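Read off the chains here:
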Amino acid sequence: AGWLAAVVVPSAVAYLLRRREALVNLAFVPWVVLLSLLSQWRWVLAVQGWCALGALGLIAWGARESRAERINLGFAGFALSVFSFYISSLTDKLGRSASLIGLGLLFLAGGWLLERSRRRLLARLGGDQR
């Protein structure tokens, strides 16, 4: 029942609504299946990396179809993946003050780089930059 709800039903709805464009949705089916397996095995780093890869796929899908909301959501997902990696992996290895300084630098530099990349991509597509 879980696979039916997670894979088959959304794929069928995508095909009914989008026909040929639903092939992109079908490309994400293996991504969903592997994410489910990785989370069951509790491989935290692999799940975070796989989610970051999925966010990049969402950005590419949004760029392909000139959809600003998919691009924005992809960038937000990528930022959350990097943030969760930092919190779960690097915070334990650093001291409290070093991890807070690193987190501030991550927010400043990483946020600036992601926002600059997002704006550049949206400007190239002619989308609005919200």
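Note that the structure is a prediction, hence the values are computed from the model and not measured. (Residues numbered from 1 in each chain as written. Predicted model: local features only at pLDDT ≥ 70, side-chain atom pairs only at ≥ 80, totals over all residues. Heavy atoms only, no water.)

K.L.:
Help me get a handle on the confidence of the model for the chain, residues and values and all.
P.N.:
In the predicted model, the chain carries a mean pLDDT of 88, and the fraction of residues at 70 or more is 96%. When mean pLDDT is compared element by element in the chain, helix α4 (residues 44–64) scores highest at 93, while helix α1 (residues 2–18) scores lowest at 83. (pLDDT = per-residue confidence, 0-100. Helix = DSSP H or I, 4+ residues; strand = E, 2+ residues; numbered from the N terminus.)

K.L.:
With reference to specific residues and values, describe the packing of aromatic side chains.
P.N.:
Aromatic ring pairs are reported here in terms of the distance separating the ring centres and the angle at which the planes meet. A full pass over the atoms with the stated rule returns three aromatic pairs. Ring geometry for tryptophan 41 against tryptophan 43: centres 5.0 Å apart, planes inclined by 50°, an arrangement best described as tilted. Judged by its relative accessible area of 48%, tryptophan 41 falls in the partly exposed class. Look at phenylalanine 83 and phenylalanine 107: their rings are 5.6 Å apart centre to centre, the planes differ by 25°, and that puts the pair in the stacked class. Remark: phenylalanine 107 occurs in helix α6 (residues 96–125) and phenylalanine 83 occurs in helix α5 (residues 68–90); sequence separation between them is 24 residues. (Phe/Tyr/Trp six-rings, centres within 6.5 Å; stacked < 30°, edge-to-face > 60°. Buried < 20%, exposed > 50% of the residue type's maximum accessible area, 1.4 Å probe, protein only.)

K.L.:
Any chance you could break down the nonpolar core for me, citing the residues and the numbers?
P.N.:
Residues Ile59, Ala68, Ile71, Phe75, Leu121 and Leu122 constitute the largest nonpolar core, which totals six residues. Listed by contribution, the elements that provide at least two residues to this core are α5 and α6. Considering every element that reaches this core, the biggest residue donor is α5, with three residues. (Core = buried A, V, L, I, M, F, W, Y, C linked by side-chain atoms within 4.5 Å.)

K.L.:
I'd like to hear about the side chain of arginine 70, residue by residue, with values.
P.N.:
Tracing the backbone through its elements, the reader meets arginine 70 in helix α5. Given the relative accessible area of 15%, arginine 70 is considered buried.

K.L.:
Requested: an account of the side chain of glutamate 65, with residues and values cited.
P.N.:
Following the sequence through the fold, glutamate 65 ends up in the loop between α4 and α5. Of note is the side chain of glutamate 65, whose polar atom sits 2.6 Å from the side chain of arginine 18. When neighbours within four sequence positions are excluded, glutamate 65 is seen to be in contact with Arg18, Glu21 and Arg70. (Polar contact = N/O pair within 3.5 Å; in protein donor to acceptor, adjacent residues only side chain to side chain. Contact = heavy atoms within 4.5 Å.)

K.L.:
Please set out the packing of α5 against α6 residue by residue, giving values where relevant.
P.N.:
Viewed as axis vectors pointing N to C, α5 and α6 meet at an angle of 160°, and their least axial separation amounts to 11 Å. With respect to α6, the axis of α5 lies roughly antiparallel. Between α5 and α6 the crossing geometry is right-handed. Touching Ala68, Ile71, Asn72, Phe75, Phe78, Ala79, Val82, Phe83 and Tyr86 of α5 are Ala98, Ser99, Gly102, Leu103, Leu106, Phe107, Leu114, Ser117, Arg118, Leu121, Leu122 and Leu125, all from α6. Of the residues belonging to the contact of α5 with α6, the class tally is 16 nonpolar, four polar and one charged. (Axes fitted to C-alpha atoms, helices over the stretch in contact; angles between N-to-C directions. Parallel < 35°, antiparallel > 145°, perpendicular 65-115°, else oblique. Left-handed = near helix turned anticlockwise from the far one by under 90°. Nonpolar A, V, L, I, M, F, W, Y, C, P; charged D, E, K, R; others polar.)

K.L.:
Help me get a handle on unusual backbone geometry, residues and values and all.
P.N.:
Backbone geometry at arginine 19 places phi at a positive 50°, although glycine is not the residue there. You will see that serine 66, though not glycine, has its phi angle at about 55°, which is positive.

K.L.:
Describe α6, and please don't skip the residues or the numbers.
P.N.:
Here α6 spans 42 Å end to end across 30 residues, near enough to the 44 Å set by a 1.5 Å rise per residue. Every buried residue of α6 is listed here: Ser99, Leu103, Arg118, Leu121 and Leu122. Looking at the buried side of α6, the elements it contacts are α4 and α5. Positive phi shows up at glycine 126, right after α6, with a value of about 80°. (Expected span 1.5 Å × (residues − 1).)

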